[in-house]
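Structural overview
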Amino acid sequence: MAVDIGGLIAIIVFYIVILAIGIWAARKTGFRAKNLKIDDSMLANRSLGYVVGVFTITATWVGGGYINGSAEAVAQFGLVWCQAPLGFGISLLIGGVFFADKMRNSGFTTMLDPFHWKFGSLMNCLLYIPAVTGDIFWTGAILGALGATLKVILDINLETAIIISAAISVMYTLIGGLYSVAYTDVIQLIFIFIGLWLCVPFSMTHEATMDITKDSDDRWVGKLTPMDVGLYMDYALLLIFGGIPWQVYWQRALAAKTVRVAQVLSVVGAFGCVFMAVPAVLMGAVAKSTNWTQTDYGKPAITSDDSTLTLPLVMKHLCPTAVSFVGLGAVSAAVMSSTDSSILSSSSMFSRNVFCVIYALFKGNKPSETVQVWVMRAAQIVIGTLACILAIEVKSVYDLYVMCSDLVYVLIFPQLVCVFYIRQSNSYGSLVGFILGAFFRFIGGDSELHIDAVIEFPWYASGAQRFPYRTLAMLISMFSIIGVSFLTHCIFHSSILPLKYDIYGCFQYLHKKTDGPSIPATEAETKKSDPSLNSPDDYTTEKLSDGTYQTQL
């Protein structure tokens, strides 16, 4: 089968439009060598308003994996198992209501800043590991899905499609930072909306498709058995609470003009996520209700090997050629909106939370903002390259991403809660919680990754855990942070251990150096010298004349 020239031209035009918009948006920062500002590149100078903000925060979740995965879940397991749209929607609501004001008021630049502020450099760097691996594996998974989609519809070489798509995303992200990502998100979300909804009526009225409203067996609805309730709840909680501690979300919330804007964007984005999943869900139901032997696919149903291609197969075989090209533009837009966001978020955290720590360790001070921006740009190239390699070489990238999502839920979410809501949480608790959370998550195994379970929890069957063991590991991590923090607080406050054993320096505020004996510090001095006893509510942030932000007690 030859490459479809018409479709190829259409996708080239789409890529040119996206690249042009990204470069146009970059005019606000420019690819300058001097006077580069972190707020410009990472946070669009904290200038996101309601319109662009709603589009970009919705596009954060409505990516290639989101719409492709929603269609796949409905087609393979039924609507009841399509948990991502509602789960991610609720996660945005919770993030907006309980965390957005605290993050935005504190003037943080990345999601990892509060961990650095509260728990120190070691935990800041440790928590970067699950965050960045999640982004890289997610980007690799969606690039792989795009390559497979282009191959199905246009018969384009998979490797070529992946490399070109990633290169374009990296190019405009490199030049314009969040400005380019946010403005291209607007166009990409419009493409997704038009492309998917255009495919819905054609696919639903195809002669090979049964009317989904007249399917007496409700095959596309699916069912939930009592044996699967624990597994179902585990995934639901993972999506809801594991969807909060992602830099792609916080990059936009922190870039909002005000706290109020950040909260509104989160709430509106939650409803936008659910709404944008509707056409993908409908096409998943269509795929389940289609007699595929009456199409060029030639099989009774979509096989498990092709399940990830559910959406492109519906577009190719159940829609007119021209319509399938528009739908392909929607998939491409969704993938690029996820790719640029993930690359920018990981590189931002590396520059701000890893490079700056290492630089200060050797130099004794922070690097200039210009250096930080260039390090971020270099990291974008590295991260984009790694994602491409994964998408081309590894066939189970999506399964690896699922594992990383688990780690974000188990390891980062409890730390985030303790940073903002447990005043006496400290570095000792944070480290123990991280270690125990990872330990209990891995001993539960993973059937998708063929990792054997060390412990078989209740309802274990057919090599898979049906007990909500991910949530158990998350709770163990959270209560370990709280318990160890309070224990060390009591030990050092009661002088059971002398302060010389306080290797993290969490309790050095208990004495202050004088010519005479050590005496307790005043409450004000204690709060200033021991951030672990404060919360972001104790701080005020003001914008200085040079455009930077200063946070202080």
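Residues numbered from 1 in each chain as written. Predicted model: local features only at pLDDT ≥ 70, side-chain atom pairs only at ≥ 80, totals over all residues. Heavy atoms only, no water.

Within the chain one finds 19 helices and two strands. The buried share of the chain, taken over its 553 residues, is 56%. In the chain, once contacts between residues fewer than 6 apart in sequence are set aside, the share between residues at least 24 apart is 80%. Split by element, the accessible area of the chain, about 22,400 Å² in all, is 67% carbon and sulfur. (Helix = DSSP H or I, 4+ residues; strand = E, 2+ residues; numbered from the N terminus. Buried < 20%, exposed > 50% of the residue type's maximum accessible area, 1.4 Å probe, protein only. Contact = heavy atoms within 4.5 Å. Areas by Shrake-Rupley, 256 points an atom, 1.4 Å probe, with all protein chains shown as cover.)

This part is about the packing of aromatic side chains. Throughout the structure, instances matching the rule amount to 23 aromatic pairs. Ring geometry for W61 and F88: centres 4.7 Å apart, planes at 10°, overall stacked. Highlighted residues: W61 in helix 3 (residues 50-61) and F88 in helix 5 (residues 84-105), separated in sequence by 27 residues. The buried category is assigned to F88, whose relative accessible area is 13%. (Phe/Tyr/Trp six-rings, centres within 6.5 Å; stacked < 30°, edge-to-face > 60°.)

Within the secondary structure, D340 sits in helix 14 (residues 321-363). R252 is the oppositely charged side chain nearest to the buried, salt-bridge-free D340, at an N-O distance of 5.1 Å. Here Y172 takes part through its side chain, which lies 2.5 Å from a polar atom of the side chain of D340. There is a polar contact of 3.3 Å between the side chain of D340 and the side chain of S341. With residues near it in sequence (within four places) discarded, D340 still touches S169, Y172, T173, V181, T184, D185 and Q188. (Lys, Arg positive; Asp, Glu negative; His and termini not counted. Salt bridge = Lys/Arg side-chain N within 4 Å of Asp/Glu carboxyl O. Polar contact = N/O pair within 3.5 Å; in protein donor to acceptor, adjacent residues only side chain to side chain.)

A separate point is unusual backbone geometry. Here N45, not a glycine, exhibits a phi torsion of approximately 55°, which is positive. The topology assignment puts N45 in the loop between helix 2 (38-43) and helix 3. The phi angle at W459 is positive, at roughly 70°, despite the residue not being glycine. Looking at the secondary structure, you find W459 in the loop between helix 17 (427-443) and helix 18 (469-493).

All chains considered together, the criterion is met by seven salt bridges. For the salt bridge of R470 with D234, the shortest nitrogen-to-oxygen distance reads 3.1 Å. In this pair, R470 is assigned in helix 18 and D234 in helix 10 (residues 229-242), connecting sequence segments 236 residues apart. As far as burial versus exposure is concerned, R470 and D234 are alike and both buried. Note that R470 and D406 form a salt bridge whose closest N and O atoms lie 2.8 Å from each other. Highlighted residues: R470 in helix 18 and D406 in helix 16 (residues 397-421), separated in sequence by 64 residues. An identical accessibility class is assigned to R470 and D406; each is buried.

A few words on the packing of helix 1 (residues 5-25) against helix 14. Two numbers describe a pair of packed helices, the interaxial angle and the distance between the axes. The contact between helix 1 and helix 14 brings their axes to 10 Å, and the two run at 35°. Of the two possible hands of crossing, helix 1 and helix 14 adopt the one that is right-handed. Each of G6, G7, I11, F14, Y15 and I18 in helix 1 lies in contact with helix 14, whose residues at this interface are F325, L328, G329, S332, A333 and M336. Class assignment for the residues of the contact of helix 1 with helix 14 results in eight nonpolar, four polar and no charged. (Axes fitted to C-alpha atoms, helices over the stretch in contact; angles between N-to-C directions. Left-handed = near helix turned anticlockwise from the far one by under 90°. Nonpolar A, V, L, I, M, F, W, Y, C, P; charged D, E, K, R; others polar.)

Turning to the packing of helix 12 (residues 259-288) against helix 13 (residues 310-318), a few remarks are in order. Contact geometry for helix 12 and helix 13: axes closest at 10 Å, N-to-C directions at 70°. When the axes of helix 12 and helix 13 are compared, the pair comes out roughly perpendicular. Residue-level contacts link M283, V286 and A287 of helix 12 to T310, L311, V314 and L318 of helix 13. Partitioned by chemical class, the residues of the contact of helix 12 with helix 13 number six nonpolar, one polar and no charged. (Parallel < 35°, antiparallel > 145°, perpendicular 65-115°, else oblique.)

A few words on helix 11 (residues 247-254). Of all the eight residues making up helix 11, eight are buried; the element is thus mostly covered by neighbouring parts of the structure. Turning to helix 11, its buried residues number three or more, namely Q247, V248, Y249, W250, Q251, R252, A253 and L254.

In this model helix 5 runs 29 Å from its N-terminal to its C-terminal C-alpha over 22 residues, within 8% of the 32 Å that 1.5 Å per residue would give. Where helix 5 bends most, the angle comes to about 60°, and this point is F99. Residue G107 follows helix 5 closely and has a positive phi angle near 70°. (Expected span 1.5 Å × (residues − 1). Bend = angle between axes of the 7 residues up to and from the residue.)

Along the chain, G87 turns up in helix 5. G87 sits 186 residues away from C273 along the chain, and the two C-alpha atoms are 9.7 Å apart. Sequence-distant contacts of G87, defined by excluding residues within four places in its chain, comprise L239 and I240.

Turning next to a nonpolar patch on the surface. Judged by side-chain polarity, I190, F193, I194, L198, F202, F275, V278 and V326 come together as a nonpolar surface patch covering roughly 610 Å² of accessible area. Secondary structure elements with two or more residues in the nonpolar patch: helix 9 (178-204) and helix 12. Looking at the nonpolar patch element by element, the count peaks at five residues for helix 9. Assignment of secondary structure puts V278 in helix 12. (Patch = residues over 30% accessible without salt bridge, like charges linked within 9 Å, V, L, I, M, F, W, Y side chains within 5 Å.)

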